[in-house]
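# Residue-level structure breakdown
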Amino acid sequence: MEDVRPERLPRPLPATVAALCGVLAAAAAIGSGQLVAALVEPRSAPLLAVGNTAIDLTPEPVKQFAIRAFGESDKTALLAGMGVVLLVFAVLAGLVSRRGPRPGSVLVAAFGIVGIAAVLARPDVGVLGVLAPVVATAAGVWVFRWLHGAAADADAERDASGGARSGDEPGSDRETESGGERGPGRRRFLVSSVAVAAGAGVAGGLGSLTTGGRSGGSPAAQQAVGRALNAPPAQPVPAGADFRADGTPTFITPNRDFYRVDTALSVPSVDLDSWRLRVHGMVDRELDLGFADLARFPRVTRTITMTCVSNEVGGPYISTAEFTGVPIRDVLLAAGVRPGAEQVFSTSADGFTAGTPTDALLEAERGALLAFGMNGEPLPAQHGYPVRMVTPGLYGYVSATKWLTDLELTTFAKPAYWIERGWGQRGPIKLQSRIDRPSGFAKVPAGRNAVAGIAWAQTIGIDAVEVRVDGGPWQPAQLSTEVNDQTWRMWRADVDLAPGGHTVECRATDRNGQVQTPRRASVLPDGATGWHSVFCTAN
Ligand SMILES: Nc1nc2c(c(=O)[nH]1)N[C@H]1C(S)=C(S)[C@@H](COP(=O)(O)O)O[C@H]1N2
Ligand SMILES: [Mo]
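The next point concerns the packing of aromatic side chains. Applying the stated criterion to the full structure yields 13 aromatic pairs. Between the aromatic rings of F258 and F323, the centroid separation amounts to 6.2 Å while the plane-to-plane angle is 85°, which identifies the pairing as edge-to-face. Taken together, the residues F258 in the loop between helix 9 (219-229) and strand 1 (277-281) and F323 in strand 4 (residues 318-327) connect sequence positions 65 residues apart. The two residues F258 and F323 agree in class, both being buried. Taken together through their ring pairs, the aromatic side chains of F352, Y397, Y417, W418 and W423 make up a single cluster. If you follow K414 out to its NZ or CZ, it ends over the ring of F345, 4.5 Å from the centre. The ring of Y417 has R421 lying over it, and the distance from NZ or CZ to the ring centre is 3.7 Å.

Here it is, written out as structure tokens:
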């Protein structure tokens, strides 16, 4: 019967039914793509690949806007936006197909091709990964045609039962009045729709369960990490290293509170048993290390404050942890760095790249790490499990590759991810300070108030912080006990605030005597400058 149905219907399908066909076809495509991806290669899930490719293609100002506007939920915003676009397209595919399934099928297929292209463009997805968007596209087109057919049958049956439809007029449920109970065609369409919706939901759900960032490895591998964490501890954090009671962060940031910035829409899950780190390029001997090989190098624990170049003045992208790992210097020396190797070009499991000046990684005092531990625990998945780079004094985009798999000694002629997008090559962290209390637009009691915050100049150290109110004289702040010159330093001061509005500002001085510049610079290309200022009202 289905074979003889004409391509063009005698009468258009009701708009809602046509739109429903489009939406359910899209759901079937997404659900099946998700499921196949989970079975074959998690990172080939079409929606994810489209999102990731969109992130890579997004012009820099828009990306900066997204980070500013949505902060760490910028990825949720992107996914929500993609959902809306997809829904609009699905409804459209349905609406243009009221007279026949062909236009919608073409639209669904076109959308599928975008998914296939996005998956093929991912550096972190193998050829097999193309299966997911191909199956998704096929499922989408097939479900669309199938539902469309069922809807057309239901419509034809309605004609046959004498209830000639009067267009979109109200009261067109005359059919039921005229005694015609729901025909088999209509029932078939309803059952098909419910089945497709349920199937897509189950497939998508199962798929996301398994793609939900399961990192790890065999129990033996996990134990290897546990043993490796048993390294000499960091120098203990002294009492008085923070001014928590006055509103500063804790000196050590708990892992769950540590800022997160990366281009990965879903957290890469790396299996420790198959994980390797290659060290190659301009070296005397290539290294190809498994986790056990890496852990045989001398292990250390260092307290380091990481900072993101995208941190606006007063921003949140700064945190401190005790990182356990192996000095990168030792690994580079084992490989033997050839002259002329200007940068260490690192690559992550998801295709992100960074270029770190080789000289910085070879400095013993700087002590850059291949870290596998963070505050006594294996690196959390979001922070780069199993192994990441951490380089004191350099912004993360040039020096802190997570989910690390490859180190290539090369020249600066090879541009890394953010360098290609116009960011600075060497990425030294700039002298900065931030007011944490009062928070912006806070209402505070008039009179004596504690002002407190943080300051940082990693690898140089903070020597002084000053505070002023309403452009008045600078007054020195009290500094917390210093831990080392690779971490932030907290400060506090008491100020008198008369009733009314006030502007509080701070500025830091580093150990070289450099005073923080008031000149405002935006984060692009090499980090923000300027004084943080906070407005509050006393009464
Ligand atoms: N694989 C990968 N590593 C990455 C990034 C990334 O996008 N992908 N972002 C870098 C940037 S810009 C920063 S600031 C730090 C942030 O590390 P965190 O998320 O653990 O705080 O990771 C760096 N390492
Ligand atoms: Mo960053």
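Still more ground to cover, so stick around.
Along its sequence, the protein is organised into domain 1 (15-164 + 183-211), domain 2 (221-421) and domain 3 (432-538). Computed over C-alpha atoms only, the centres of domain 1 and domain 3 are separated by 50 Å.

Next up on the list: the site of ligand 1. In the neighbourhood of ligand 1, 19 residues make up the surrounding shell, with Y259, T263, H383, R388 and K402 lying closest. For ligand 1, an oxygen atom lies 2.7 Å from a polar atom in the backbone of Y259. With respect to ligand 1, the side chain of H383 contributes an N or O atom lying 2.7 Å from an oxygen atom. Considering ligand 1 on its own, with 530 Å² of exposed area, one finds that the protein chains cover 99% of that surface. Comparing atom positions with the cavity grids shows ligand 1 to sit within the largest pocket. Within the shell around ligand 1, the residues separate by chemical class into nine nonpolar, five polar and five charged.

Structurally, the position occupied by S105 is in helix 5 (residues 102-121). The class for S105 is buried, based on a relative accessible area of 6%. Residues S105 and G94 lie eleven residues apart in sequence; the distance between their C-alpha atoms is 9.0 Å. Within the structure, the side chain of S105 is placed 2.7 Å from the backbone oxygen of P101, a separation counted as a polar contact.

Here we come to the layout of surface pockets. Roughly 920 Å³ of internal volume is contained in the largest pocket. Around the largest pocket, the lining is made up of 46 residues, and of these D74, K75, V261, D262 and T263 lie nearest the centre. Those elements giving two or more residues to the lining of the largest pocket turn out to be helix 2 (46-57), helix 3 (60-70) and helix 4 (74-95). With eight residues, helix 3 is the single largest residue contributor to the lining of the largest pocket. When the residues that make up the lining of the largest pocket are grouped by side-chain class, the tally is 25 nonpolar, eleven polar and ten charged. Split by domain, the residues of the lining of the largest pocket number at least three in each of domain 1 (15-164 + 183-211) and domain 2 (221-421).

Definitions and limits used
- Residues numbered from 1 in each chain as written.
- Chains lettered and ligands numbered in written order.
- Predicted model: local features only at pLDDT ≥ 70, side-chain atom pairs only at ≥ 80, totals over all residues.
- Heavy atoms only, no water.
- Phe/Tyr/Trp six-rings, centres within 6.5 Å; stacked < 30°, edge-to-face > 60°.
- Helix = DSSP H or I, 4+ residues; strand = E, 2+ residues; numbered from the N terminus.
- Buried < 20%, exposed > 50% of the residue type's maximum accessible area, 1.4 Å probe, protein only.
- Lys NZ or Arg CZ within 6 Å of the ring centre and 35° of its normal.
- Domains from an automatic or database assignment.
- Near = heavy atom within 4 Å.
- Polar contact = N/O pair within 3.5 Å; in protein donor to acceptor, adjacent residues only side chain to side chain.
- Areas by Shrake-Rupley, 256 points an atom, 1.4 Å probe, with all protein chains shown as cover.
- 1 Å grid on protein atoms, 1.4 Å probe; cavity = no way out; pocket = protein on both sides within 12 Å on 5 of 7 lines; lining within 4 Å.
- Sits in = over half its atoms within 2 Å of the grid points.
- Nonpolar A, V, L, I, M, F, W, Y, C, P; charged D, E, K, R; others polar.
- Points joined across faces, edges and corners; volume = space filled by probe spheres on them.

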